[in-house]
Amino acid sequence: MPISRIKLFVGCGAAAGLAVAFDAPIAGTIFAVETILGSYAIGTLTPIVVSAATASFFGSYFMPGHTALPAAALGFSAEISSGTEIFLFTTFGLINALLGVGLIKLTYFNSNIFDKVKAKLPEYIHTPLLLLPFALTVPFVPEIFGLGKDVMLMGNGFTPGFLIGIALLKLIFLSIAFASGASGGIFLPILFVGYIFGLGFGKIIPMFYPEFGSSIGLSFASVGIGALLGAATQEPISSLLLVFEITRDYNMLPSLMLSTVVATMISKRMCGFSIYNYQLFKEGISIDDSEEASIMNENHVQLCLRPECVIVHKDEELPQILDKMRDKERFESYVVDDSGKYLGAINGVFSSNNKVDYDAIGSIVLASDLLDTTFPTVKLDTPLSQAMKFMIKREVIELPVLSDEGRVVGCIHEHDLIDFYHREILAKASMLKTVQHAEGTEQCSIEFEDEYRIEAVNTNKKMWGHNLIDLKLRENFNVLVLAVREKSTGKGTMSPTKTLEIGDVLIAAGKKEDIDRMKAAFK
């Protein structure tokens with residue numbers, strides 16, 4: 001089964017699970033598409049919708065009246081009717097953003113510590129040891145144990161300080177549970193913390209704004225669920241839809257949307273990963289990259305280098321600069337000093353000679369007067385993706401390439417980047433089909449002319465446990481891995497982050513001597 005289809009089934013399972021657990025088929029659908037698949041294409045959306053709707057129907061049939069959160073604990077908020085309320089719910093979103101980022105960062109921190117502990121101790125004592133602080137705390141604060149529905153029902157009887165304290169303590173232990181691998185789920189524990197903290201926050205409001213009654217606490221409790229969930233998962237749409245489907249209250253949508261969007265936006269600004277993918281970040285795996293985007297991250301400027309570019313001396317006059325730019329049909333020229341080191345760039349489209357008498361000002365305007373010292377530069381080992389970002393940001397089509405000593409060795413043009421990307425995509429797609437069609441055949445190599453070869457290379461223990469990015473086969477041996485044929489599935493994959501396992505086979509392309517040199521290095 002193709003990887004894309006497996007990913008679709010994972011999304012269907014997630015949507016169905018959320019639809020049943022929270023009686024929220026719409027939120028389950030959006031969550032699966034927003035978090036797992038990242039695509040709203042009709043071919044992707046249809047099976048997700050069918051899974052969520054079917055699961056929701058059977059959940060309602062076999063568990064009538066089931067609610068994820070006690071209905072008696074949920075408040076119904078009035079519409080926002082004053083600037084004070086806008087300020088309060090915005091501030092509440094900011095505070096939840098800090099809580100969400102704190103949960104993510106603390107989980108990441110604990111995970112690093114736990115990895116070191118786990119490496120030194122037998123596996124069977126990992127979980128008991130890591131959850132020991134929780135076990136010692138529960139007898140004194142039993143409210144942090146379990147799903148917390150009873151605490152939510154009795155929340156109005158607690159003081160604001162106690163509720164906020166319980167929420168913060170629960171948040172700390174959640175990070176320990178997530179990081180230790182003993183997590184009993186992510187959604188419901190975060191919902192509990194968001195509710196309890198919101199209730200405590202809402203109880204404080206009447207102390208400063210007497211015009212709001214005590215019922216405002218339940219409003220903040222309901223909004224707190226979506227705000228904290230959005231900050232922790234960094235998925236605003238599915239978070240606010242989940243709360244809406246639980247409460248079924250249209251009046252609370254403006255305040256819920258305001259706090260949730262603010263919390264999510266600030267969380268994304270402050271933290272580059274969520275509670276779901278901190279492990280990927282920790283292992284150095286690019287979170288947002290697709291297989292196509294990884295091509296531009298893996299490969300460097302050197303592959304698209306143009307040796308010819310317009311280089312001018314800082315004392316050259318304007319007519320000379322224009323002549324060089326016209327001769328090479330370039331809009332950029334790069335200024336160097338007496339030693340040949342790069343000083344800056346001249347970028348622009350100059351008028352024709354019949355409009356401006358460049359000769360008259362030639363002795364006045366020099367290259368040093370025109371250069372832009374902030375013009376972006378790249379080096380030979382700069383990823384192509386970074387070069388493209390520089391071009392987009394400055395709205396230019398060419399960048400100078402500098403050596404480590406600061407000398408101009410050439411330039412890189414956006415046309416070369418686009419051509420390279422297209423070649424790689426087409427080559428990988430074509431080769432993957434070839435690999436899949438050749439499965440089960442005896443042929444293990446294809447010869448091209450006299451010096452090039454595509455060969456199936458068996459992995460060994462020096463490669464196992466590493467991915468293609470770690471091995472740097474292109475960089476060290478000038479060998480391109482077109483695909484990896486997995487022993488476990490028998491299928492080919494092009495993912496550079498796939499960890500090599502026993503029995504996996506590399507479909508490698510390159511010069512014969514380079515492939516032999518690679519095989520010898522890993523012998």
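Each remark here, short or long, concerns the structure printed above.
Everything quoted here is computed from the prediction, not taken from an experiment. (Residues numbered from 1 in each chain as written. Predicted model: local features only at pLDDT ≥ 70, side-chain atom pairs only at ≥ 80, totals over all residues. Heavy atoms only, no water.)

**Observations concerning the sheet that holds strand β6 (residues 408–413)**
To keep it simple, the criterion reads: If DSSP finds at least two bridges between two strands, the strands pair. A run of H or I in DSSP becomes a helix once it reaches four residues, and a run of E becomes a strand once it reaches two; helices and strands are each numbered from the N terminus.
Here 3 strands make up an open sheet; going across it, the order is β4-β5-β6 and the pairing mixed. The outermost strands of the open sheet, each flanked by one partner alone, are β4 (378–379) and β6. Summarising the sheet, strand β5 (residues 398–402) and β6 pair through 5 bridges and their orientation is antiparallel. Each residue of the ladder has a partner; that of Pro400, found in β6, is Cys411.

**Brief notes about the environment of Gln386**
As a reminder, the rule being used: Burial classes: relative accessible area under 20% of the type maximum marks a residue as buried, over 50% as exposed, and values in between as partly exposed (1.4 Å probe, protein chains only).
Within the secondary structure, Gln386 is located in helix α18 (residues 384–394). Note on Gln386: relative accessible area 30%, which makes it partly exposed. Residues Gln386 and Met296, spaced 90 residues apart in sequence, show a C-alpha to C-alpha distance of 8.4 Å.

**A look at the pattern of salt bridges**
What counts, and what does not: Each salt bridge in this description consists of a side-chain nitrogen of Lys or Arg and a carboxyl oxygen of Asp or Glu lying within 4 Å of one another.
Following the criterion strictly, the structure yields 7 salt bridges and no others. Here Asp416 and Arg306 are joined by a salt bridge, their closest N and O atoms 2.6 Å apart. Pair noted here: Asp416 is in helix α19 (residues 414–437) and Arg306 is in the loop between α14 (291–298) and β1 (311–313), with a separation of 110 residues, a long-range link. Given the relative accessible area of 19%, Asp416 is considered buried. For Lys324, the salt bridge is made with Glu316, and the minimal N-O distance between the two is 2.9 Å. The class for Glu316 is buried, based on a relative accessible area of 14%.

**With respect to the nonpolar core**
Short version of the rule: To define a nonpolar core, start from buried Ala, Val, Leu, Ile, Met, Phe, Trp, Tyr and Cys residues and group those joined through side-chain atoms within 4.5 Å.
With 68 residues, the main nonpolar core has Phe22, Leu103, Leu191, Tyr195, Ile196, Phe220 and Leu242 as its most contacted residues. Looking at this core, the element that brings in the most residues is helix α9 (residues 187–208), giving 11 residues. Core analysis: the second largest hydrophobic core is formed by 22 residues, Val336, Tyr342, Cys411 and Phe420 among them.

**Topic: unusual backbone geometry**
Unusually for a residue other than glycine, Asp23 sits at a positive phi of about 50 degrees. Turning to its location among the elements, Asp23 is positioned in the loop between α1 (3–21) and α2 (25–37). Notably, Lys472 is not glycine yet its phi reads approximately 50 degrees, a positive angle. By the element assignment, Lys472 lies in the loop between α20 (468–471) and α21 (473–477). Residue classification places Lys472 among the partly exposed residues on the basis of a relative accessible area of 43%.

**A word on the pairing of strand β11 (residues 505–511)**
The element β11 is extensively covered by neighbouring structure, given that 6 of its 7 residues are classed as buried. Bridge analysis of strand β8 (residues 452–458) against β11 gives 7 bridges, and the strand direction is antiparallel. Looking at the pairing, Arg453 lines up with Gly510 of β11. Pairing between strand β9 (residues 480–485) and β11: 5 bridges, direction antiparallel. Paired with Leu480 across the strands is Ala509, a residue of β11.

**Notes on helix α10 (residues 216–233)**
An α-helical turn contains 3.6 residues, so a residue and the one three or four places further along point in the same direction. Which entries qualify depends on this criterion: One less than the number of residues in a helix, times 1.5 Å, gives the span that helix is expected to have. A residue's bend is the angle separating two fitted axes: one through the seven residues that end there, the other through the seven that start there.
Taking 1.5 Å of rise per residue, 18 residues should cover 26 Å, and α10 covers 26 Å from first to last C-alpha, within 8% of that figure. At Gly224, α10 shows its strongest bend, of approximately 30 degrees. For α10, the tally of buried residues reaches 18 of 18 residues, placing the bulk of the element in the interior. Gln234 lies just past α10 and shows a positive phi near 60 degrees.

**Some words on the packing of helix α4 (residues 83–120) against α10**
Rules: Whenever a helix is involved, its axis is fitted only over the stretch in contact; in every case the axis is a line through C-alpha atoms, and angles between N-to-C directions fall within 0 to 180 degrees. Roughly parallel here means an angle under 35 degrees, roughly antiparallel means over 145, roughly perpendicular means 65 to 115, and every remaining angle is called oblique. Crossings are classed by handedness, with left-handed meaning an anticlockwise turn of the near helix from the far one by less than a right angle and right-handed meaning a clockwise turn. Contacts between residues were defined by any pair of non-hydrogen atoms, one from each residue, lying within 4.5 Å. Side-chain classes are defined by residue name, with Ala, Val, Leu, Ile, Met, Phe, Trp, Tyr, Cys and Pro counting as nonpolar, Asp, Glu, Lys and Arg as charged, and the others, Gly among them, as polar.
Interaxial distance between α4 and α10 falls to 8 Å at its minimum, and their mutual angle equals 45 degrees. In terms of their interaxial angle, α4 and α10 are classed as oblique. Note that α4 runs across α10; the crossing there is right-handed. When α4 is examined against α10, the residues Leu88, Phe89, Phe92, Asn96, Ala97, Leu99, Gly100, Leu103 and Ile104 are found in contact with a partner set consisting of Phe220, Val223, Gly224, Ala227, Leu228, Ala231 and Ala232. Class assignment for the residues of the contact of α4 with α10 results in 13 nonpolar, 3 polar and no charged.

**Thoughts on the sheet that holds β1**
Strand order in the open sheet formed by 3 strands is β1-β2-β3, and the pairing between neighbours is mixed. The two strands at the open ends of the sheet, each matched to only one other strand, are β1 and β3 (342–347). Put simply, the sheet's adjacent strands are angled 35 degrees from each other on average, direction ignored. Bridge count between β1 and strand β2 (residues 332–336): 3 bridges; the pairing is parallel.

**Some details on the packing of aromatic side chains**
Stated formally: Pairing of aromatic rings covers Phe, Tyr and Trp, the last through its six-membered ring, and needs centres within 6.5 Å; plane angles under 30 degrees mean stacked, over 60 mean edge-to-face, and all others mean tilted.
Counting across every chain of the model gives 17 aromatic pairs. Centre to centre, the rings of Phe31 and Tyr276 are 5.8 Å apart; their planes meet at 55 degrees, and the pair counts as tilted. One end of the pair, Phe31, is in helix α2; the other, Tyr276, is in the loop between α12 (253–270) and α13 (278–282), with 245 residues separating them in the sequence. Aromatic ring contacts, followed pair by pair, group Phe89, Phe92, Phe197, Phe201 and Phe220 into a single cluster.

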